[in-house]
Number of protein chains: 2
Amino acid sequence: MPRVSQDHLAARRRQILDGARACFARHGYEGATVRRLEEATGLSRGAIFHHFRDKESLFLALAEDDAARMADVVAAQGLVQVMRDLLANGSAHPADWLGTRLEVSRRLRTDPEFRARWAERSERLTVATRNRLARQREAGNLRDDIDIEVLTAFLELALEGLVSHVAMGLPADDLEPVLDLVEETVRRHRARDEPR
Amino acid sequence: MPRVSQDHLAARRRQILDGARACFARHGYEGATVRRLEEATGLSRGAIFHHFRDKESLFLALAEDDAARMADVVAAQGLVQVMRDLLANGSAHPADWLGTRLEVSRRLRTDPEFRARWAERSERLTVATRNRLARQREAGNLRDDIDIEVLTAFLELALEGLVSHVAMGLPADDLEPVLDLVEETVRRHRARDEPR
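Fair warning: this is a prediction, and the values are worked out from it, not measured in the lab.

**Regarding the relation of the copies chain B and chain A**
Each copy superposes on the other: chain B lies on chain A with an RMSD of 0.0 Å after a rotation of 180° and an axial shift of 0.0 Å. With respect to symmetry, the two chain copies, as superposed, fit the operation of a two-fold axis. Proximity to the rotation axis, assessed at the C-alpha, singles out Gly161(B) in chain B; its C-alpha lies 1.7 Å from the axis. A symmetric contact is evident, with 100% of the interface residues of chain B recurring at the interface of chain A.

Encoded structure:
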């Protein structure tokens, strides 16, 4: 395929994803009708579903985008940094979009195929977190009395709590010290274990 | 009011709440129509809304029930026990109902009055947790390098994560050691700080 067409396809895909994200954030999963997706992307349903099989695939592509972006942050700075970014203003994951992610919880629970497709995407974040922790352990920065699987699940539980908290619009300005505590919990406690 | 009428009112209220909880769990908040609430409770809309002003009040009464039950467990055994109960089979908060709680996140975020009424109810759980931690600190069981407000918010964040996790139907059989870690994080580390 000529380069210019590839660029065009990628740009069109980006246009659809950006519009769809805003649409899902504003109207929720069920409320994001095909007509509203057309308005939000500025494209016809034909053009949208040429790039994405159906609404579910579009939604899951956005979840995959999130997972990829978070995995990059995890690789460089760890999952607690993802949480700090969520708390900070100007996050790429505003409350409305996070709320839509929560809204699909029923679907995730009751539709095994949807859950499998979702899980495939979030597995990427788990793997990135596990790898980061393994490197931190090698570097001697991680506590060594707890399994890496458990520490990964602990950090992911905190992230799930934060997503829920932010999506519900609960006050989050007092959560910085909580994230410090989460971070401290997985770190090696030099001050307690040994002289620095 | 004569005793028998009071008992009758309380029983009727209970009947409505139990039916409504099943109905919300099954159909979600939006899906729990007045007709479905009638079917689930075995009562007419007139009878239901004689006891509860509207659907929102009915839903919030259930959230209040949850908060009261959790606060009792917190007072006796702490918030981590609430989480352990959530993980255990036969919990009073099955995944379907927790999912409905997530579904109202958009409403919580966008409707200040609804959020205020919800917050009033969950404040009860926060107060119970704070009080429990204060007693644990007096008894010397709590770490004393972190503020009780921060420890309370940390435990609540873990609970929010767990609710989200269970509601999404994600595998939860590996979470016991994670809850152990959450509990250990707020405890005084005798083994590290001092000889037993």
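**Focus on the packing of aromatic side chains**
Taken as a whole and assessed by the stated rule, the structure comprises 15 aromatic pairs over all chains. Ring geometry for Phe24(A) versus Tyr29(A): centroids 5.6 Å apart, planes at 5°, classification stacked. For Phe24(A), a relative accessible area of 0% translates into the label buried. Given the relative accessible area of 8%, Tyr29(A) is considered buried. The structure contains a cluster of three or more aromatic residues connected by ring pairs, namely Phe24(A), Tyr29(A), Phe59(A), Trp97(A), Phe114(A) and Trp118(A). Above the face of the Phe114(B) ring, Arg107(B) is positioned so that its terminal group lies 4.4 Å from the ring centre.

**A short note on the interface of chain B and chain A**
Contact with chain B, which involves 46 residues of that partner, is made by 46 residues of chain A. Summing the contributions of chain B and of chain A, the shared interface buries around 3,800 Å²; its carbon and sulfur component is 60%. Counting across the chain B and chain A interface gives four salt bridges. Between Asp96(B) and Arg109(A) there is a salt bridge, with its nearest N and O atoms 3.0 Å apart. Secondary-structure elements contributing two or more residues to the side of chain B that touches chain A are helix H1 (3-31), helix H6 (95-103), helix H7 (105-110), helix H9 (148-167), helix H10 (176-186) and helix H11 (190-193) of chain B. Counting residues per element, the side of chain B that touches chain A draws most heavily on H9(B), which supplies 13 residues. Split into classes, the residues belonging to the side of chain B that touches chain A amount to 22 nonpolar, eleven polar and 13 charged.

Rules used in this analysis
- Residues numbered from 1 in each chain as written.
- Chains lettered and ligands numbered in written order.
- Predicted model: local features only at pLDDT ≥ 70, side-chain atom pairs only at ≥ 80, totals over all residues.
- Heavy atoms only, no water.
- Least-squares fit on C-alpha atoms with pLDDT ≥ 70 in both.
- Contact = heavy atoms within 4.5 Å.
- Phe/Tyr/Trp six-rings, centres within 6.5 Å; stacked < 30°, edge-to-face > 60°.
- Buried < 20%, exposed > 50% of the residue type's maximum accessible area, 1.4 Å probe, protein only.
- Lys NZ or Arg CZ within 6 Å of the ring centre and 35° of its normal.
- Buried area = accessible area lost by both parts, 1.4 Å probe.
- Salt bridge = Lys/Arg side-chain N within 4 Å of Asp/Glu carboxyl O.
- Helix = DSSP H or I, 4+ residues; strand = E, 2+ residues; numbered from the N terminus.
- Nonpolar A, V, L, I, M, F, W, Y, C, P; charged D, E, K, R; others polar.

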